[in-house]
Amino acid sequence: MIEKIEEMFTKIAEEKVNTMQELENFRLQYIAKKGKLNSLFEDFKNVPNEQKRIIGQKLNELKTVVAEKYQKLQDVFQSTDTTKTEKDLTLTGFPLQFGSRHPLSIIKNEIVQIFSKIGFDISEGPEIEDDWHVFTSLNFPLEHPARDMQDTFFLEKNPDILLRTHTSSVQVRVMETTKPPLRFIFPGRVFRNEAVSARAHCIFHQVEGLYINKNVSFADLKQTLLYFAQEMFGAKTQIRLRPSYFPFTEPSAEMDISCTICNGKGCNVCKHSGWVEILGCGMVDPNVLICNNIDPNKYSGYAFGMGIERITMLKYQINDIRLFFENDIRFLSQFTPELT
Ligand code: PHE
């Protein structure tokens, strides 16, 4: 027995441990329940009583030596294991990738800025709306196709709860709560039941504008829109108003700008006409004022609405609306030069 113990002393002293795995092997071989140390203690039970004191002492010595060696080795490995030691504060940090602003947010902010410079406040309304705010109070005839299931996402029928198809609903919400004069823009997300293609999406964004005061005229509207077009697309930009129809404005118009890509000479983007349409507008229909308790004999107003996607596509020459919703970082990170 004594020999066995002595042998073990030398073995332990010679044992070389270089890796965590070897350290674990050391533990299994000597210290674990079924290890060599425990088996010596098992043998110890059969040692005659008169030898027990001497052998017991040796055995305990061996146990201490093993435990100390194991502890020392463990300390060495732990101090080289970077996951367990304190962080070295002089090391360089992990490279953090900056996020970037979505191109639609950049353009929306720009539109908001342009109009706030001439006194427009901002208001936002709910995306889930009722028939009154989206259609009825905006003078939509009952049989108007925009009310149709093919255009509108209905959430509930009778009473009709739906996803707003335009931000004109926020006009109504503002007129309900604010007395004229009022001058607001309403940026927001809208929904239409359209087939998704390069030019159309079932979700898109609009900015609507509304100005109501005494003696507001079509000339005011035209000048405001010219100011907007030139701030947005450059001082040389020209505008053209074509008669159109919206239930909530009378007269109504669609506004084109001179093509920013070919400067009016004709190209693919403007379909060789030199002009591109960017918004709808008009004088607020007296019926809409009446619906919202504003006296049309005292007040008049104009409204306009534009798609943010369209403006962004023109500004950055993007040819597929679906890119805005795919969230591909290679696309998105191109629009925030101040962050790169
Ligand atoms: N609401 C219209 C649309 O979604 C745009 C518009 C707004 C037209 C205000 C005229 C006045 O197409």
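Quick notes on the rules
Residues numbered from 1 in each chain as written. Predicted model: local features only at pLDDT ≥ 70, side-chain atom pairs only at ≥ 80, totals over all residues. Heavy atoms only, no water. Phe/Tyr/Trp six-rings, centres within 6.5 Å; stacked < 30°, edge-to-face > 60°. Buried < 20%, exposed > 50% of the residue type's maximum accessible area, 1.4 Å probe, protein only. Lys NZ or Arg CZ within 6 Å of the ring centre and 35° of its normal. Domains from an automatic or database assignment. Near = heavy atom within 4 Å. Polar contact = N/O pair within 3.5 Å; in protein donor to acceptor, adjacent residues only side chain to side chain. Areas by Shrake-Rupley, 256 points an atom, 1.4 Å probe, with all protein chains shown as cover. Helix = DSSP H or I, 4+ residues; strand = E, 2+ residues; numbered from the N terminus. Nonpolar A, V, L, I, M, F, W, Y, C, P; charged D, E, K, R; others polar. Pairing = 2+ DSSP bridges.

Trainee: How do you make sense of the packing of aromatic side chains when you look at a structure like this?
Mentor: In this description, an aromatic ring pair is defined by two values, namely the gap between the centres and the angle between the planes. What the rule picks out here adds up to 15 aromatic pairs. Ring centres of Phe184 and Phe186 lie 6.2 Å apart, and the angle between their planes is 15 degrees; this geometry places the pair in the stacked category. In this structure, Phe184 and Phe186 share a single accessibility class: buried. In this structure an aromatic cluster arises from ring pairing among Phe115, Phe120, Tyr211, Phe228, Tyr302 and Phe304. Sitting over the face of the ring of Phe44, Lys52 holds its NZ or CZ atom 5.6 Å from the ring centroid. Lying across the ring of Phe154, Lys157 places its NZ or CZ 4.1 Å from the centre.

Trainee: Quick question: what am I supposed to make of the domain arrangement of the chain here?
Mentor: How large an interface is tends to be reported as the accessible area lost when its parts come together. For the chain, the domain assignment lists domain 1 (2-79) and domain 2 (103-332). Centre-to-centre separation of domain 1 and domain 2, based on C-alpha positions: 83 Å.

Trainee: How should the site of the ligand be read in this particular structure?
Mentor: Near the ligand there are 13 residues, and of these His166, Ser168, Arg192, Gln206 and Glu208 occur at the shortest range. Between the ligand and Ser168, the relevant distance is 3.0 Å, taken from a nitrogen atom to a side-chain nitrogen or oxygen of the residue. Arg192 places a side-chain nitrogen or oxygen 2.9 Å from an oxygen atom of the ligand. Contact with the protein chains hides 89% of the accessible area of the ligand, taken as 320 Å² for the molecule alone. For the shell around the ligand, the elements supplying multiple residues, two or more each, are β6 (203-213), β9 (275-284) and β10 (300-307). Along the lines of polarity and charge, the residues of the shell around the ligand split into 5 nonpolar, 6 polar and 2 charged.

Trainee: What exactly am I supposed to notice about the pairing of β6 here?
Mentor: If a strand is regular, its side chains alternate between the two faces of the sheet. Within β6, 9 of the 11 residues are buried, leaving the element largely enclosed by the surrounding structure. Both strand β5 (residues 182-191) and β6 contribute to a ladder of 10 bridges, which runs antiparallel. What sits directly across from Ile185, in β6, is Gly209. The sheet contact formed by β6 and β10 spans 8 bridges and is antiparallel. Residue pairing in the sheet places Glu208 in a bridge with Gly305 of β10.

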